[in-house]
Amino acid sequence: MLEIEGQKDVLERVMHENEMSPSRVKVAAVRLGERLGRLKLNGRLLRYSPLSRVVELEGLYLVSHMRLMLWQALGQLVQSERLKGVDPGYLEAQTLEHIGSIKSELDQAVKLAL
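Residues numbered from 1 in each chain as written. Predicted model: local features only at pLDDT ≥ 70, side-chain atom pairs only at ≥ 80, totals over all residues. Heavy atoms only, no water.

Caption draft 1: Molecular detail of the pattern of salt bridges. For the structure shown, the criterion picks out 4 salt bridges. As a salt-bridge pair, R53 and E105 come within 2.7 Å of each other at their nearest N and O atoms. One end of the pair, R53, is in helix 3 (residues 50-75); the other, E105, is in helix 4 (residues 88-113), with 52 residues separating them in the sequence. Taking relative accessible area as the criterion, E105 reaches 36% and is therefore assigned partly exposed. Residue D107 is joined to K103 by a salt bridge in which the shortest nitrogen-to-oxygen separation is 2.9 Å. Here the residue D107 and the residue K103 both occupy positions in helix 4, the gap between them amounting to 4 residues, near one helical turn. Residue classification places K103 among the partly exposed positions, given a relative accessible area of 35%. (Salt bridge = Lys/Arg side-chain N within 4 Å of Asp/Glu carboxyl O. Helix = DSSP H or I, 4+ residues; strand = E, 2+ residues; numbered from the N terminus. Buried < 20%, exposed > 50% of the residue type's maximum accessible area, 1.4 Å probe, protein only.)

Caption draft 2: Here's a closer look at the confidence of the model for the chain. This prediction gives the chain a mean pLDDT of 84; 89% of its residues lie at or above 70. When pLDDT is averaged over each element of the chain, helix 4 comes out on top at 94 and helix 2 (residues 24-37) at the bottom at 81. (pLDDT = per-residue confidence, 0-100.)

Caption draft 3: Spatial organisation of the side chain of R67. As for its position among the elements, R67 is in helix 3. Judged by its relative accessible area of 14%, R67 is buried. Residues in contact with R67, not counting those within four places in the same chain, are I4, Q7, T95 and H98. (Contact = heavy atoms within 4.5 Å.)

Caption draft 4: Fine view of a nonpolar patch on the surface. Together, L62, V63, M66 and M69 make up an exposed nonpolar region whose accessible area comes to about 410 Å². With respect to the helices, strands and loops of the structure, L62 is situated in helix 3. (Patch = residues over 30% accessible without salt bridge, like charges linked within 9 Å, V, L, I, M, F, W, Y side chains within 5 Å. Areas by Shrake-Rupley, 256 points an atom, 1.4 Å probe, with all protein chains shown as cover.)

Caption draft 5: Focus on the nonpolar core. By size, the foremost hydrophobic cluster in this structure holds 7 residues: V10, V14, W71, L74, L83, V86 and L91. Residues within four places of V10 in sequence aside, it is in contact with W71, V86 and L91. Counting residues in each nonpolar core, the second largest holds 5 residues, with V54, L57, L106 and A109 among its members. (Core = buried A, V, L, I, M, F, W, Y, C linked by side-chain atoms within 4.5 Å.)

Caption draft 6: Looking closely at unusual backbone geometry. You will see that E19, though not glycine, has its phi angle at about 55°, which is positive. By the secondary structure assignment, E19 is in the loop between helix 1 (2-17) and helix 2.

Below is the structure:
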């Protein structure tokens, strides 16, 4: 998970250097989505179910693919002065490795749940 924090730091630095700020509406939507995601209709209101793990890993898998697309898009701008010191290729490779790990865990979780 340290690589995700590092990637977040890189993105925040790029945004700051380019005088960008996160959208308050999008940040609020993400927080709301996270809280709603905790309300799984899995038949177990207070306990964790095997399907809970599958849903959580599917969410991580999806978000990781979104991160991958971000680094790929930034990779097209790598020659830009606006991306000084950023290596999107490295961040992309790091994200692909993370996606592989999530996929492996997701496959195991599906087998256990079904």
